[in-house]
Each structure stands twice: as C-alpha cells, then as structure tokens.
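Coordinates in review
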Amino acid sequence: MKSTYSALFEKSSLKSGVELKNRLIMAPMTNFSSHEDGTVTDAEVSYYARRSEGVAAVITACTYVTPNGKGFPGEFAGDRDEMIPSLSRLASAIQEKGAKAILQIFHGGRMVPPHLVDGDVVSASSVPAEAEGSPVPRALSADEVEEIIHAFGETTRRAIEAGYDGVEIHGANGYLIQQFFSPHSNRRTDQWGERLAFPMAVVDAVKKAASKAERPFAVGYRFSPEEPETPGITMADTLSLIDALKQKNLDYLHVSLGEFWSEPRRGVEDSRTRLEIIKERAGEDVPVIGVGSIYTADDAMKALETGVDLLAIGRGLIIEPDWVQKVESGREETIAVKIDQSAQDKLVVPDPLWNAIIQTPGWFPGV
Ligand SMILES: Cc1cc2nc3c(=O)[nH]c(=O)nc-3n(C[C@H](O)[C@H](O)[C@H](O)COP(=O)(O)O)c2cc1C
C-alpha cells in the first residue's frame, strides 16, 4: 500500500470490544433479493461474500423487526425465531471472508408499501409522507409502540444467537424511528410525543438485549441529519439527538448522507459540512462513521482528514468489490468508479438489485 493511504488501514477497537482491522465499512444497502418468506437467498449471500474480504465490517441491508415494518420487496426478516438460521447464514458468509457482520435493524413505518403489510401502514401519527400518493398511516396505539420497542430488542437477541458482531439501529432515511423524532410525522400528545422518547427507548431495549451477549457485540445508531420538510428535523434537532445518544454508551454513530461534503440546510449558523459539525458534537465519546459518494482512495483520504473515525462505502463497493484490496496492494488507480453495465456476473449482484440500478438513471455512476 502507498503510505499516503496508510491511515485508512489503522485498526481500532469499539467500546464493546469488537475489533476493526481498518477504517472501511460496507454501508447498509437493501438488495430486494430475499425469499418471499424472509429468508436470505443464495444470490444475496454470494453478493455479500464477494464484498467482505477487504472491509473491517459489513453492515447488512435493513431487516424488519415486525411484519408491519417490512419496507421493501425482497427484504429479509428478523422478526421471528424461525429466521435465526437464515440470519446466521448471512453472518457466517461475511465473517468467513474476514469482516465483522453487523445487522441493520429497522421498521419502515409510514414508508412501507401498503401491499407488503396488508394495507395497515403505521406511524407515530396519522400524517402521510409528502411524496405524492403516500398512504395515510394509522397512528400506533401506546401498546403497539411498546411492542415495536420490544421487537427491536428481540431482533437484537436473534442477531446474537445468529452469530453477528453487532446491530445497527436504523434511525435514518425517514423510517419509523426517524418518524418519531421528526416534528413532521410525530404530532402525538402522549408520552411518545416527546420526540426523543421512542428513539431512546429503542436504544435502551437494544442495549439491554446486547448486554446478554457472551462475546463482544456492538450497537451503533444511524440517523439522517436533516429533513427537507417544514416542519422537519433540523441540524439543531440533530445536535440534541447526538447529546442524548452520547449518554447511551454506543459503539458508533453513523450519519446517513448521499454526499460526504454536504452542508447544513438550516438550524445552525455554520459554514462547515454536516459531518464536521456532527463529529465535533460527538467529540471523543463515540466514533462517527461518515459516508457519501466516496469512490476513490483519494476521496476516502480527504474524507478521513476531516476527523471522522470510520468511513462507509456503499455504491463504490457494488461498482468495485475489490476496492479495499486494491488500495491495500497499491493498485488504487485500477479501482472502477463507474458501474460496468456488462459485468453483472463478475460483480456478483443479484438480479433485483441489478435491475433497480440499471433502471434508475443517475443513481449509480455509469448509468
Ligand atoms: C442500493 C442501495 C440500498 C440502500 N439501502 C439502505 C439501507 O437498507 N439502509 C440504510 O441505512 N441505507 C441504505 N442506503 C444508503 C447507503 O447506506 C448510503 O448511505 C448511500 O448509498 C450513500 O453512500 P455511497 O455514496 O457510498 O453509496 C442504500 C443505498 C443504496 C445505493
């Protein structure tokens, strides 16, 4: 490896004791490829195995914690004990190639396609998302809220039994946990109307389940720093979320962004990037994972120099499964930065994900 890139390969140890062999992580990416019953497919397992040799950890696609949280066709399930062998198969495929396996746990809330949940779309309040045609969700009862919190703990227990090295709580991208934190979607007047209450209760349930693991087991939290809607989450809200999360002894915070260098929309008077502001607020208490349009080794170095602790790469690892190994062996100039549309088999990408990529111009470089 060229010495310019050596910082990417520094080891670290998370608070839970989970060891990371470098600073590079595969970002969570839904692949639409699981079986109808929620078990993982061979194609999905091969896709992960192909990308697990270089990175320190793979964060899986999101898995639903209750049936009414299923957000995507072909999403794999973590909502019942029968799924443990399937979850375990995926964890082993990742770990056999040398990466830690982190299960992303999720509930889609008002963003779920109605046909996946028998039409019963739920959220904090009965407020639809702004996109045209969004279904009007049903507000969860207080009992149902408790059940979903409990389900996050139960899926964590299954992750431990299935052999994962950790879970990531998906509090980002407009899904249920974010819906409770957002003034757009949470208009409740009961105790869950306090916008931090649900995210913190989920963290507590997950941490409690994680404390039973008999080996190092990490708990991370992913959030989106801002929402475009008014009312909606602002950077100021996010800074208060970080303050609350800092009290929870988490292994990392993961900021969901499409562009690493994006700047705040509102809520702070600050010309720095969102990630720089977030990293400063997180301080040294909890590592921060940055992400967003990192395609080359130089992109990654420039990002790391801002002070973030770890970097996640999503699309870059679909386009170039050997990204990390190429930098490690001094061949970084051969990293593909655009998807080769004739190379699906070589890239080991399942059909549903491949078709989604090819049919969505502008999503991936090269399409
Ligand atoms: C195909 C695809 C599926 C994704 N699915 C998820 C997901 O399940 N959970 C999640 O938190 N983010 C998901 N994301 C967002 C990525 O984790 C990441 O934040 C985003 O792609 C920006 O990083 P990148 O530029 O390195 O791809 C997905 C992104 C892509 C491209």
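As recorded in an unreviewed UniProt entry, the chain goes by 2,4-dienoyl-CoA reductase and comes from Domibacillus enclensis.

1. Looking at the packing of aromatic side chains
If you walk through the whole model with that rule in mind, you get nine aromatic pairs. An aromatic cluster of at least three residues, connected via ring pairs, comprises Phe 32, Phe 72, Phe 106 and Tyr 175. We note Arg 195 situated over the ring of Phe 181; from NZ or CZ to the ring centre the distance is 5.5 Å. Looking at Lys 302, its charged tip hangs above the ring of Trp 261, at a distance of 4.5 Å from the centre.

2. Notes on the UniProt feature "domain: NADH:flavin oxidoreductase/NADH oxidase N-terminal" (unreviewed entry) in the chain
Listed under "domain: NADH:flavin oxidoreductase/NADH oxidase N-terminal" (unreviewed entry) in the UniProt record, and renumbered for this structure, are residues 8-333. Structurally, residues 8-333 is divided into 31% helix and 15% strand, and its ends, taken at the C-alpha atoms, are 16 Å apart.

3. Some remarks on the site of the ligand
Near the ligand you find 20 residues, and of these Pro 28, Thr 30, Arg 222, Ser 293 and Arg 315 are the closest. Pro 28 has a polar backbone atom sitting 2.7 Å from an oxygen atom of the ligand. In this structure, a nitrogen atom belonging to the ligand sits 2.8 Å away from a side-chain N or O atom of Gln 104. Bound to the protein, the ligand loses 91% of the 600 Å² it would expose on its own. Given that more than half its atoms are within 2 Å of the pocket grid, the ligand belongs to the largest pocket. For the shell around the ligand, a count of residues per class yields ten nonpolar, eight polar and two charged.

4. What to know about helix H7 (residues 274-282)
Residues of H7 that are buried include every one of Arg 274, Leu 275, Ile 277, Ile 278, Lys 279 and Ala 282, and no others. Just downstream of H7 lies Gly 283, where phi reads positive at about 60 degrees.

5. Points about helix H6 (residues 235-246)
The end-to-end C-alpha separation of H6 is 16 Å, in line with the 16 Å expected for twelve residues at 1.5 Å each. Along H6, the residues classified as buried are Met 235, Asp 237, Thr 238, Leu 239, Leu 241, Ile 242, Ala 244 and Leu 245. Packed against the buried residues of H6 are helix H4 (176-181), helix H5 (197-210), strand S9 (218-223), strand S10 (252-255) and H7.

About the cut-offs
- Here the residue numbering is sequential within each chain, running from 1 through the sequence in written order.
- A pLDDT threshold of at least 70 governs which residues receive local features in this predicted model, and a stricter bar of 80 or more applies before side-chain atom pairs are shown or counted, although totals over entire chains, interfaces and linings include all residues.
- To get the side-chain values, all heavy atoms of the structure are used, and hydrogens and water are removed first.
- In summary, the pairing rule links any two rings of Phe, Tyr or Trp, Trp by its six-membered ring, whose centres are within 6.5 Å, and it sorts them by plane angle into stacked for under 30 degrees, edge-to-face for over 60 and tilted for everything else.
- By definition, being over a ring means that NZ of Lys or CZ of Arg is both within 6 Å of the ring centre and within 35 degrees of the ring normal.
- UniProt positions are given in the numbering used here, feature names are shortened, and annotations may be inferred rather than shown by experiment.
- Going along the chain from the N terminus, every DSSP run of H or I of four or more residues is numbered as a helix, and every run of E of two or more is numbered as a strand.
- We call a residue near a molecule or strand when any one of its heavy atoms sits within 4 Å of it.
- We define a polar contact as two N or O atoms separated by no more than 3.5 Å, with the added condition that, inside protein, one atom must be a possible hydrogen donor and the other a possible acceptor, whereas residues neighbouring each other in sequence contribute only through side-chain atom pairs.
- Here the Shrake-Rupley method, with its probe set to 1.4 Å, supplies the accessible areas, and only the displayed protein chains count as covering residues.
- Grid points spaced at 1 Å and placed over the protein atoms alone form the basis of the search, with a cavity being a set where a 1.4 Å probe fits but cannot get out and a pocket an open set showing protein on both sides within 12 Å along at least five of seven lines. Lining residues have an atom within 4 Å of a point.
- Any molecule with more than half of its atoms within 2 Å of a cavity's or pocket's grid points is regarded as sitting in that cavity or pocket.
- Note on residue classes: Ala, Val, Leu, Ile, Met, Phe, Trp, Tyr, Cys and Pro are nonpolar, Asp, Glu, Lys and Arg are charged, and everything else, Gly too, is polar.
- Buried, partly exposed and exposed residues are distinguished by accessible area as a fraction of the type maximum, computed with a 1.4 Å probe on protein chains only: under 20%, between the cut-offs, and over 50%, respectively.
- Helix span, expected: 1.5 Å multiplied by one less than the number of residues in the helix.
- The contact criterion used is simple: two residues touch if any of their non-hydrogen atoms lie within 4.5 Å.

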